[in-house]
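# Examination of the molecular architecture
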Amino acid sequence: MQDKKNSYDIIVIGAGSAGLTAAVGASGIGAKVLLVEKHKIGGDCTHYGCVPSKALIHASKMYDNLQDALAYTHQVVRDIAQTETPEVLQEHGITTVSGEASFVGKYSIKVDDQIYSARKIIIATGSRARELPIKGLSKGDYLTNKTIFDVENMKSLAIIGGGPIGSELSMAFARLGVAVTLIESSDRILAREDTAAAEIVMKNMRSLGVTVLTGARTERVTVVNKQKTLEVLHQSSGKTEKVTVNEVLVAVGRQPNIENLGLDQAEVAYTERGILVNKRGRTTNKHIYAIGDVSGPPYFTHLSNHQAKVALTHAIFKIPARQEERVIPRVTFTDPVVASVGLSEQQLRESGEEFIALKKPLSEMDRAYTDDNKTGFYKILVDKKGRILGATLVGTAAGELINEIALAMRHNIKITALADTIHPYPTYGYGLRQVADLFRTQSYTPSKKKWAKRLLRLRGKS
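What counts and how
- Residues numbered from 1 in each chain as written.
- Predicted model: local features only at pLDDT ≥ 70, side-chain atom pairs only at ≥ 80, totals over all residues.
- Heavy atoms only, no water.
- Helix = DSSP H or I, 4+ residues; strand = E, 2+ residues; numbered from the N terminus.
- Expected span 1.5 Å × (residues − 1).
- Buried < 20%, exposed > 50% of the residue type's maximum accessible area, 1.4 Å probe, protein only.
- Arc of directions from axis to C-beta.
- Contact = heavy atoms within 4.5 Å.
- Polar contact = N/O pair within 3.5 Å; in protein donor to acceptor, adjacent residues only side chain to side chain.
- Pairing = 2+ DSSP bridges.
- Axes fitted to C-alpha atoms, helices over the stretch in contact; angles between N-to-C directions.
- Salt bridge = Lys/Arg side-chain N within 4 Å of Asp/Glu carboxyl O.
- Core = buried A, V, L, I, M, F, W, Y, C linked by side-chain atoms within 4.5 Å.
- Right-handed = clockwise from strand over helix to strand, strands pointing away.
- Phe/Tyr/Trp six-rings, centres within 6.5 Å; stacked < 30°, edge-to-face > 60°.
- Lys NZ or Arg CZ within 6 Å of the ring centre and 35° of its normal.

Its 13 residues place the ends of helix α7 (residues 195–207) 19 Å apart at the C-alpha level, agreeing with the 18 Å of an ideal helix rising 1.5 Å per residue. Taken residue by residue, α7 has Ala197, Ala198, Val201, Met202, Asn204 and Met205 as its buried positions. Around the axis of α7, the buried residues are gathered within 165° of arc, so they sit on the same side. Along α7, the residues that are exposed and aim more than 90 degrees away from the buried face are Lys203 and Ser207. Against the buried residues of α7 lie α6 (164–175), β9 (179–184), β10 (211–214), β20 (338–342), β22 (377–382) and β23 (388–394). You can read the cap of α7 off the contacts: a side-chain oxygen lies 2.9 Å from the backbone nitrogen of Ala196, and it is on Asp194. Looking one or two residues past α7, Gly209 carries a phi angle of roughly 100°, positive in sign.

Taking strand neighbours across the sheet as the criterion, the four strands line up as β10-β9-β8-β14 in an open arrangement whose pairing is parallel. This sheet does not close on itself; its edge strands, each paired only once, are β10 and β14 (247–250). Adjacent strand axes in the sheet meet at a mean angle of 15° when their direction is disregarded. In the sheet, strand β8 (residues 156–160) pairs with β9 via five bridges, with the strands oriented parallel. By the bridge assignment, Ile159 is partnered in β9 with Leu182. The strands that α6 touches are β8, β9 and β14; relative to β9, the one it contacts most, it runs at about 165°.

This next bit is on the pattern of salt bridges. Inspection of the entire model under this criterion finds 22 salt bridges. In this structure, Arg128 engages Glu259 in a salt bridge whose closest nitrogen and oxygen atoms are separated by 3.0 Å. Pair noted here: Arg128 is in strand β7 (residues 127–129) and Glu259 is in the loop between β15 (254–256) and β16 (270–271), with a separation of 131 residues, a long-range link. For Arg128, a relative accessible area of 28% corresponds to the partly exposed category. Taking the relative accessible area as the measure of exposure, Glu259 reaches 41% and is therefore partly exposed. Note that Glu193 is salt-bridged to Arg330, the shortest N-O span being 2.7 Å.

On to the sheet that holds β20, then. For sheets, the rule is that strands pair by backbone hydrogen bonds, running either parallel or antiparallel. Pairing in this open sheet of five strands is antiparallel, and the strands run β19-β20-β23-β22-β21 from one edge to the other. Two strands lie at the open edges of the sheet, namely β19 (330–332) and β21 (356–361), each paired on one side alone. The mean angle between the axes of side-by-side strands here comes to 10°, regardless of whether they run parallel or antiparallel. Where β20 and β23 come together, five bridges link them in antiparallel fashion. Bridging across to β23, Val341 finds its partner in Ala391. Contacting β19, β20, β22 and β23, helix α11 (residues 398–410) runs over the sheet at an angle of about 175° to β23.

This part is about the environment of Ala339. Relative to the elements of secondary structure, Ala339 occurs in strand β20. Between the C-alpha atom of Ala339 and that of Tyr378, which follows or precedes it by 39 residues, the distance is 9.5 Å. Those residues in contact with Ala339 that lie beyond four places of it in its chain are Arg330, Val331, Ala391, Thr392, Leu393, Ala398, Gly399 and Ile402.

Time to look at helix α1 (residues 17–29). Compared with an ideal rise of 1.5 Å per residue, which puts 13 residues at 18 Å, α1 spans 18 Å between its outermost C-alpha atoms and is within 8% of the ideal. All of the buried residues in α1 are Ala18, Gly19, Leu20, Ala22, Ala23, Ala26 and Ser27. Considering only its buried residues, α1 is in contact with β1 (7–13), β2 (33–37), α5 (86–91), β3 (94–98), β6 (114–123) and α8 (301–317). Gly30 occupies a position one or two residues after α1 and carries a positive phi of about 120°.

Quick look at the nonpolar core now. Counting residues in hydrophobic clusters, the biggest one holds 35 residues, and the most contacted among them are Leu56, Ile148 and Phe173. Those elements that provide at least two residues to this core are α3 (50–60), α4 (66–81), β8, α6, β9 and α7. Setting aside its immediate chain neighbours within four residues, Leu56 contacts Ala69, Leu70, Thr73, Phe149, Leu169, Ala172, Phe173 and Leu176. By size, the runner-up hydrophobic cluster in this structure holds 30 residues, among which are Val337, Tyr378, Ala391 and Leu418.

In this section: the pairing of β2. Burial analysis of β2 places five of its five residues in the buried class, which makes it a mostly covered element. The side-chain alternation of β2 yields two buried faces, one formed by Val33, Leu35 and Glu37 and the other by Leu34 and Val36. Here β1 pairs with β2 via four bridges, running parallel. Along β2, the bridge assignment pairs Val12 with Leu35. Running through α1, the crossover from β1 to the neighbouring parallel element β2 is right-handed. Here β2 pairs with β3 via five bridges, running parallel. If you follow Val33 over to β3, its bridge partner there is Ile94.

Scanning the model with the defined rule gives two aromatic pairs in all. Their ring planes at 50° and their centres at 6.0 Å tell us that Tyr63 and Tyr72 sit as a pair that is tilted. A cation over a ring is seen here: Lys32 above Tyr8, with NZ or CZ 4.7 Å from the ring centre. One Lys or Arg, Lys359, reaches over the ring of Phe377 and ends 4.2 Å from the middle of that ring.

Now the structure itself:
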């Protein structure tokens, strides 16, 4: 007979962003919750991802040297981690257990020698940096997002991967005096983003002194006296270049943490991309849910939080909520910031869907002039009826304003409603409204102007 003391309404495995959201949410509803974490409460986001990387980006603009910036970064992580301690969670009515959990049945897990059971179990074990099979590069010879913030006295750094993590950190470390080489196998950095946006970021990156190698692949790494020499193949020319640095950071994606969970014991199906789930986060075992990075890409903290709420809504209230798949905004904290949501111009062209691109450079926005910060643009893509299909915002306030676009898309609010909403002047939001104004301007064709002049007896120039 199962000990009632170790029987719960909800067990959450993993105390990262998704797991914490699920645990606190379930407890708030009145469920008896057990939260299991084998490392640090807060997970990658608090300790090795979102928080330290954004703190370092901020610190790189405040401090002259790497040591002060890292000290600031570590302090920010400690401060935020204090809001996620077992004591704080206990105040929410959540019991925490430190250790590695593995399934011993459909309703039960084992942590060390103790068995715990629940009517519903949520897996939120997250992901880790994906390993690269590069000759000569062993685990001890390179850094990941988990170790990069602990390196002291670094003079030079090679970053393999020009996605969001690689691009953000290359600019941050360059500002701190580190000689950075960014190596990307695609023909440009930030391959998922708008081409013009990526070009602006790369130009700024190079102005900071970052050496950017695109269309390049690292073939081999040689380690001699703690110095790493990378043999980089330029794919267009076939020529090889050698790059020697103190440290190498691998930033080429993530892989889910599914090992040692005993998923077969729980009859939970999975692949190398993560645990298989339906639109509600439920696995092949109807009593078990998987949320966050462990269920596969895209790997966003805010998406993990959303998935936790959907899973709880379905698991506890039996309400058939569904995970959002269309409107998932993302922000890359480079300089300038790049924020996107929905479809890109390239995706729309490939689909053959007709669209209108409404675009305004920051240099034509008054607030950007007052701030002397005119690099970037705001672009909104709409169909002929004004329905918003996607957007890319590049520059100051982009990460905040993308939420306004996401809200409009989520509730099918047309671009004309955005244009007709009063925005304070002078703000960057006012500039966004000016972009929305372009919909009526661009749809007011010369033939329509001619017709209107004749009908309304207007005498101005066309």
